[in-house]
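# Results of the structural survey
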Amino acid sequence: MADEPLVLGIETSCDETGVGIVRGHTLLADAVASSVDDHARYGGVVPEIASRAHLEAMVPTIERALAQAGVTARDLDGIAVTAGPGLAGALLVGVASAKAYAYALGKPLYGVNHLASHVCVDQLEHGPLPEPTMALLVSGGHSSLLLTPDITSDVRPLGATIDDAAGEAFDKVARVLGLGFPGGPVIDRYARDGDPDAIRFPRGLTGPRDAPYDFSFSGLKTAVARWVEARRAAGEPVPVADVAASFQEAVVDVLTRKAVRACRDEGVDHLMIGGGVAANSRLRAMAEERCAAAGVTLRVPRPKLCTDNGAMVAALGAEMMARGRPASDLALPADSSLPVTHTHVPGEALT
């Protein structure tokens, strides 16, 4: 274990300042400072507020992570940071901070991809990823199916959302129901008391001529809103628990159906689910049922590692170091639209 790289990871792609420290595949610290309460009044993340919150939280969160891990900054072998995708201003805070620490400490810098990090974090929970692994990433900004023969250098997108991501749909439906922000946890909670078969909401892009691995949740969100509006216009009470359960069932039905199909079509026997929506209890249960029926091994990290965190960034950085991938240089940019095929950014050599 002493020979494995000790890496600090910084994550600032959205509203959480995450700092993690890993040694190889072992998690030593996972410190998070969230600004979600600052955004709740607006019903969604406000980029400028997120950026300012990262500035205030960065140094204290790094210090907390070092204390948790029982190491000093000089003990580190490398610094990893989310270079993209994400909110531009938020990413800049993390990238600038990582550059400063790497320069001051004389340590290699690794700018890594946010989505690839969500896949790699599972190594901290279940050990090395099988190659290849199918990854289903579901969050507020992303719904993607990825084939990953090598998480450090070969990630192949098979499908993605063409409109609202799954997490975004959860937030919008929660707003329609008056449940507040963020929507994912509260809908999951209400759905436990509801009937998932009470209302048959549409399943987008599941027809025989539709793209087999792409996702669409905009129509589902609109269908829920219209159903609720019709009830209210008729002066009838809205069965919030049933609506939440029926909406959630439609989302996880599509996600798991397409993921298992991708595994079957590509001959892959491992499915990893990551991203904030992977904390959803119904998604986990349905994925387990369908994977078991299809002979696919399911890997899902514990809920805390599914949401944005620094541990996932550190995990990918450590894997980069262990496999001898080139470090980034101090010209490392923050790229809000960094494609998942660029699992890391080794500086100017990429362009």
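Treat the numbers as computed from the prediction; the structure is a model and nothing was measured.

Rules used throughout
- Starting afresh in each chain, residues are numbered from 1 along the sequence in its written order.
- Side-chain atom pairs in this predicted model are given and counted only at pLDDT of 80 or more, local residue features only at pLDDT of at least 70, and totals for whole chains, interfaces and linings cover all residues.
- To get the side-chain values, all heavy atoms of the structure are used, and hydrogens and water are removed first.
- Aromatic rings from Phe, Tyr and Trp, with only the six-membered ring used for Trp, were paired whenever their centres fell within 6.5 Å, and each pair was classed as stacked if the ring planes differed by under 30 degrees, edge-to-face if by over 60, and tilted otherwise.
- By definition, being over a ring means that NZ of Lys or CZ of Arg is both within 6 Å of the ring centre and within 35 degrees of the ring normal.
- Two strands pair if DSSP finds at least two bridges between them.
- A run of H or I in DSSP becomes a helix once it reaches four residues, and a run of E becomes a strand once it reaches two; helices and strands are each numbered from the N terminus.
- Contacts were defined at the residue level, with two residues in contact if any of their heavy atoms lie within 4.5 Å.
- To get an axis, fit a line to the C-alpha atoms, keeping to the stretch in contact for a helix; angles then go from 0 to 180 degrees between the N-to-C directions.
- Classification of residues uses two cut-offs on accessible area relative to the type maximum, computed with a 1.4 Å probe and protein chains only: under 20% is buried, over 50% is exposed, and between them is partly exposed.
- We define a polar contact as two N or O atoms separated by no more than 3.5 Å, with the added condition that, inside protein, one atom must be a possible hydrogen donor and the other a possible acceptor, whereas residues neighbouring each other in sequence contribute only through side-chain atom pairs.

### So, the packing of aromatic side chains
Following the criterion strictly, the structure yields two aromatic pairs and no others. Measuring from centroid to centroid gives 6.2 Å for Phe215 and Phe217, while their planes differ by 10°, and the two rings are stacked. When the ring centre of Phe215 is taken as reference, the NZ or CZ atom of Lys258 above it lies at 5.9 Å.

### Overview of the pairing of strand S3 (residues 26-34)
With eight bridges joining them, strand S2 (residues 16-23) and S3 adopt antiparallel strand pairing. Within S3, the position partnered with Gly18 by the bridge is Val32. Two successive antiparallel strands, S2 and S3, enclose a turn made up of two residues, where Gly24 displays a positive phi of approximately 65°.

### A few points about unusual backbone geometry
Of the consecutive residues Gly84 and Pro85, the connecting peptide bond is found in the cis state with omega at -10°. Counting through the fold element by element, Pro85 comes out in the loop between strand S4 (78-84) and helix H3 (88-105). Note that the residue after Phe181, namely Pro182, is joined by a cis bond; omega there is -5°. Of note, the phi angle at Leu205 is positive, near 55°, even though the residue is not glycine. Tracing the backbone through its elements, the reader meets Leu205 in the loop between helix H7 (183-191) and helix H8 (218-233).

### Quick look at the sheet that holds S2
Pairing within the open sheet is mixed, and its six strands lie in the order S3-S2-S1-S4-S5-S11. Looking at strand neighbours, the two that pair on one side only are S3 and strand S11 (344-345), the edges of this open sheet. Contacts from H3 reach strand S1 (6-11), S4 and strand S5 (109-113), with the element oriented near 160° to S4. The sheet contacts of helix H12 (residues 310-322) involve S1, S2, S3, S4, S5 and S11, and relative to S1 the element is tilted by about 135°.

### Observations regarding the environment of Asp253
Looking at the element boundaries, Asp253 is found in helix H9 (residues 240-266). What makes Asp253 buried here is its relative accessible area of 7%. Expressed as a C-alpha distance, the spacing of Asp253 and Pro128, which sit 125 residues apart in the sequence, is 28 Å. Asp253 has contacts with Arg203, Met286 and Arg290, leaving out every residue within four places of it along the chain. Engagement of the side chain of Asp253 in a polar contact is seen with the side chain of Arg203, the distance being 3.0 Å. Within the local environment of Asp253, its side chain forms a polar contact with the side chain of Arg257, the two groups lying 2.8 Å apart.

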